[in-house]
Amino acid sequence: MKLMKGNSEEKLMKTYWIRPVFQRNSFGSKWRLMKKKANSKSTLLVYSFFFLLALLFLAAWIDLAKYAGNTSQKALQIFSRTPSNPNLEFPLDCSIWNQTNTCPKNYPTSYKLSNPNSSLNPKCPEFFRWIHEDLRPWRETGITMEMVEKARKTAHFRLVILDGKIYVEKFRQSIQTRALFTLWGIVQLMRRYPGKLPDLELMFDCNDRPVIQAKHYRQPDSGPPPLFRYCSDWKSLDIVFPDWSFWGWAETNMKPWRIVLKDMKEGNKRTKWEDRVPYAYWRGNPNVCPWRADLMKCNVTDKNDWNTRLYVQDWDKEAKIGYKQSNVADQCTHRYKIYIEGWAWSVSEKYILACDSPTLLVSLHWHDFFVRGMIPQKHYWPVRDNDKCKSLKFAVEYGNFHTQKAKAIGEAGSSFIHEDLKMENVYDYIFHLLYEYAKLFKYKPTIPPNAVELCAEAVACPANGIWKEFMELSLEKSPSNSIPCSMPPPYEPQELKSFIDAKVKSMKEVEAWENEYWEKQIEKQ
């Protein structure tokens, strides 16, 4: 599978963001559209006939009534009982899009479930509780239009959900196609749960590091801007959101998450943990930050063996040889995997954790939306960032001596990724995050003058190559026949403190074992 190069990638992004038909207030684009409609009048009459038939067919299935309520439980209650067809699918309709450059009208804007028994829906994973913490800065004041506008400074796009439809206004181009696939993911959420999110407006920054520093907003009336991004840290108020690669990272040939998880389950079966290479494995780009370059000093040499096997990933070279060495499902061959952050948090985290091998996790400076729910010595093994080589060597020595514990950590971390982070839960996390966010609004959003309506066809139909392939693979073809998982309550202050204290205690315990190990090594000399 080959990627398009340079100007092809740029053409794809410009096709989506800049094509004249998206300029809703452009007289020229409206005139061209009217002319095109006139030239294809007979074709449109045929489409209109079938469209009317489709409406009659869907009338018994689609509930166009609006919902009300302001709690997560009420959000679940809107999935009420009525006959439905779980097998009814709505594939991409590029024929209509290519003729009219407008979003098709056949996809449900609301729906009801055949069996919406809320008592049967599973409880969301524990890490969903961090949604309440991420939104806590606005819990007392609510979110005003002024706050949202302040977030525009670094945002790549503004997204508005109004009456079940999505509108987007672009401010600047993101790295590669991050913004495009993030928006594609939100479109899929709306196809999965059509009409179930309240009206809202948000700003999204697709760069790596958080920018909303908490120290600037400590006064009660300071009004911090709510800005969404892929990671944050303890000093920042940026709201974390699942990254674009869950729907595929085309530039690195990383397939959509559902497919990756399936491939990795098969990859895990190829070699039993006991038969894997008894060292710690890492493959990545060491040139993006000093701490990764420092990690490379821990590689095996003629003089030292720190129990690691580290490899440089050259993406340009990989593209030329067809990504033969970058398939994550083929990298579950070592007993231990190393995770180290890049310029900020790294997309590689979830792939590394999914391998059934204990993840040796170098101390984190940033967090994504799920890692705060993981516990050291249960889901991963903590590694010091200020003495990586010794810490890594001890981790492998300890694991190879305590094989049952090491194997259990690998299995628990992998199970967390395969179960708690399955794609259904990713969608439910976004649903609950946006629903809780919308509850805080003090104003009714409107469609910005420069915004365009967004639907699956608007994103996928102009695309080509591997970008379009990944969109087709990650397309939600019909509304879900189940309700979102049940949102857990916020942490009580003492409960949250106890949770964090337990994690710190577990990490300090490992540090104490390390110190004891190296003291004994010195005594042996």
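As a reminder, the structure under discussion sits directly above these lines.
Residues numbered from 1 in each chain as written. Predicted model: local features only at pLDDT ≥ 70, side-chain atom pairs only at ≥ 80, totals over all residues. Heavy atoms only, no water.

Draft legend 1. The arrangement of the overall build of the protein chain in detail. Along its length, the protein chain carries 18 helices and 11 strands. Considering the protein chain as a whole, with its 525 residues, one finds that 54% of them fall into the buried category. Contacts in the protein chain between residues at least 24 apart in sequence constitute 78% of all its contacts with a sequence separation of at least 6. Of the accessible surface of the protein chain, which amounts to about 24,500 Å², a share of 53% is contributed by carbon and sulfur atoms. (Helix = DSSP H or I, 4+ residues; strand = E, 2+ residues; numbered from the N terminus. Buried < 20%, exposed > 50% of the residue type's maximum accessible area, 1.4 Å probe, protein only. Contact = heavy atoms within 4.5 Å. Areas by Shrake-Rupley, 256 points an atom, 1.4 Å probe, with all protein chains shown as cover.)

Draft legend 2. Structural context of the sheet that holds strand 10 (residues 381-383). One open sheet accounts for 5 strands, arranged 7-6-8-9-10; its pairing is parallel. In the strand order of this sheet, the two ends are held by strand 7 (308-312) and strand 10, each with one partner. Ignoring which end each strand starts from, the neighbouring axes of this sheet average 30° apart. (Pairing = 2+ DSSP bridges. Axes fitted to C-alpha atoms, helices over the stretch in contact; angles between N-to-C directions.)

Draft legend 3. Expanded view of the state of the cysteines. The full count for this structure, using the stated rule, is 5 disulfides. With a sulfur-sulfur separation of 2.1 Å, Cys-124 is cross-linked through a disulfide to Cys-485. Handedness of the Cys-124-Cys-485 disulfide follows from its S-S torsion of about 95°: it is right-handed. Here Cys-124, found in the loop between helix 5 (94-100) and helix 6 (130-134), pairs with Cys-485, found in the loop between helix 17 (465-473) and helix 18 (493-524); they are 361 residues apart in sequence, far enough to count as distant. On the basis of relative accessible area, Cys-124 is assigned to the buried category, the value being 3%. When its relative accessible area of 2% is taken as the criterion, Cys-485 is described as buried. Across the disulfide from Cys-298 sits Cys-389; the S-S distance is 2.1 Å. Taking the sign of the torsion about the S-S bond as the criterion, the disulfide between Cys-298 and Cys-389, at about -90°, is left-handed. (Disulfide = S-S within 2.5 Å.)

Draft legend 4. Inspection of the sheet that holds strand 11 (residues 452-454) at higher detail. The sheet built from 6 strands is open, its strands ordered 5-4-3-1-2-11 with mixed pairing. What marks the edges here is a single partner per strand, and that holds for strand 5 (239-240) and strand 11. Against the sheet, helix 8 (residues 178-192) makes contact with strand 1 (157-162), strand 2 (165-170), strand 3 (200-204) and strand 11, and its axis sits at roughly 10° relative to strand 1, the strand it touches most. Sheet strands in contact with helix 15 (residues 423-439) are strand 3, strand 4 (227-229) and strand 5, and its direction is about 115° off that of strand 3.

Draft legend 5. Structural view of the pattern of salt bridges. Within this structure, the stated rule accounts for 27 salt bridges. The salt bridge involving Glu-424 is made with Arg-258; its shortest N-O contact spans 3.6 Å. Of this pair, Glu-424 sits in helix 15 while Arg-258 sits in helix 9 (residues 257-270), placing them 166 residues apart in sequence. Judged by its relative accessible area of 35%, Arg-258 falls in the partly exposed class. What emerges from the salt-bridge pattern is a single network uniting Lys-123, Glu-126, Arg-129 and Glu-495. (Salt bridge = Lys/Arg side-chain N within 4 Å of Asp/Glu carboxyl O.)

Draft legend 6. Molecular detail of the pairing of strand 3. With respect to burial, strand 3 is a largely interior element, 5 of its 5 residues being buried. Burial along strand 3 is two-sided: the residues Leu-200, Leu-202 and Phe-204 and Glu-201 and Met-203 are all buried. Note that strand 1 and strand 3 share 5 bridges and pair antiparallel. Directly across from Leu-159, in strand 3, lies its bridge partner Leu-202. In the sheet, strand 3 pairs with strand 4 via 2 bridges, with the strands oriented parallel. The residue bridging Phe-204 from the neighbouring strand is Phe-228, located in strand 4.

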